[in-house]
Amino acid sequence: MTKWEYATIPLIIHATKQILDQWGEDGWELVQVVTGPDGNGLVAYLKREKA
């Protein structure tokens, strides 16, 4: 059975691509992007298979 680990990261609007590219290079897959808890900004949820 596959086991996953998860990460939640804030996204800075002017650097979204760079942030996601860096996490992607580290093996993370984007699952979802939602509005931040304060109603401003964005939060990304990522996952990757546990080693």
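Parameters at a glance
- Residues numbered from 1 in each chain as written.
- Predicted model: local features only at pLDDT ≥ 70, side-chain atom pairs only at ≥ 80, totals over all residues.
- Heavy atoms only, no water.
- Patch = residues over 30% accessible without salt bridge, like charges linked within 9 Å, V, L, I, M, F, W, Y side chains within 5 Å.
- Areas by Shrake-Rupley, 256 points an atom, 1.4 Å probe, with all protein chains shown as cover.
- Salt bridge = Lys/Arg side-chain N within 4 Å of Asp/Glu carboxyl O.
- Helix = DSSP H or I, 4+ residues; strand = E, 2+ residues; numbered from the N terminus.
- Buried < 20%, exposed > 50% of the residue type's maximum accessible area, 1.4 Å probe, protein only.
- Contact = heavy atoms within 4.5 Å.
- Core = buried A, V, L, I, M, F, W, Y, C linked by side-chain atoms within 4.5 Å.
- Pairing = 2+ DSSP bridges.
- Axes fitted to C-alpha atoms, helices over the stretch in contact; angles between N-to-C directions.

Draft legend 1. Structural view of a nonpolar patch on the surface. On the surface, Ile-13, Leu-30, Val-33 and Leu-42 cluster together to form a nonpolar patch covering roughly 320 Å² of accessible area. With respect to the element layout, Leu-30 can be found in strand S2 (residues 29–35). For Leu-30, a relative accessible area of 39% corresponds to the partly exposed category.

Draft legend 2. Local environment of the environment of Pro-10. By secondary structure assignment, the location of Pro-10 is in strand S1 (residues 4–11). Accessibility expressed as a relative area gives 62% for Pro-10, which makes it exposed. Ignoring sequence-local partners within four residues, the contact set of Pro-10 consists of Ile-19, Leu-42 and Val-43.

Draft legend 3. Region of interest: the nonpolar core. Ranked by size, the top nonpolar core spans eight residues in total: Ala-7, Ile-9, Leu-11, Ala-15, Ile-19, Trp-28, Ala-44 and Leu-46. Secondary-structure elements contributing two or more residues to this core are S1 and strand S3 (42–49). With three residues, S1 is the largest single contributor of residues to this core. Beyond its immediate chain neighbours, meaning those up to four positions away, Leu-46 contacts Glu-5, Tyr-6, Ala-7, Ile-9, Trp-23, Trp-28, Glu-29, Leu-30 and Val-31.

Draft legend 4. Region of the structure containing the sheet that holds S2. Reading across from one edge, S1-S3-S2 is the order of the three strands in this open sheet, with antiparallel pairing throughout. Single-partner strands in this sheet number two, and they are S1 and S2. The mean inter-strand angle of the sheet, taken between neighbouring strand axes irrespective of direction, is 20°. As judged from the eight bridges shared by S1 and S3, these two strands associate in the antiparallel manner. Of the residues in S3, the one forming a bridge with Trp-4 is Glu-49. Helix-sheet contacts for helix H1 (residues 16–25) involve S1, S2 and S3, and the interaxial angle to S1 is about 160°.

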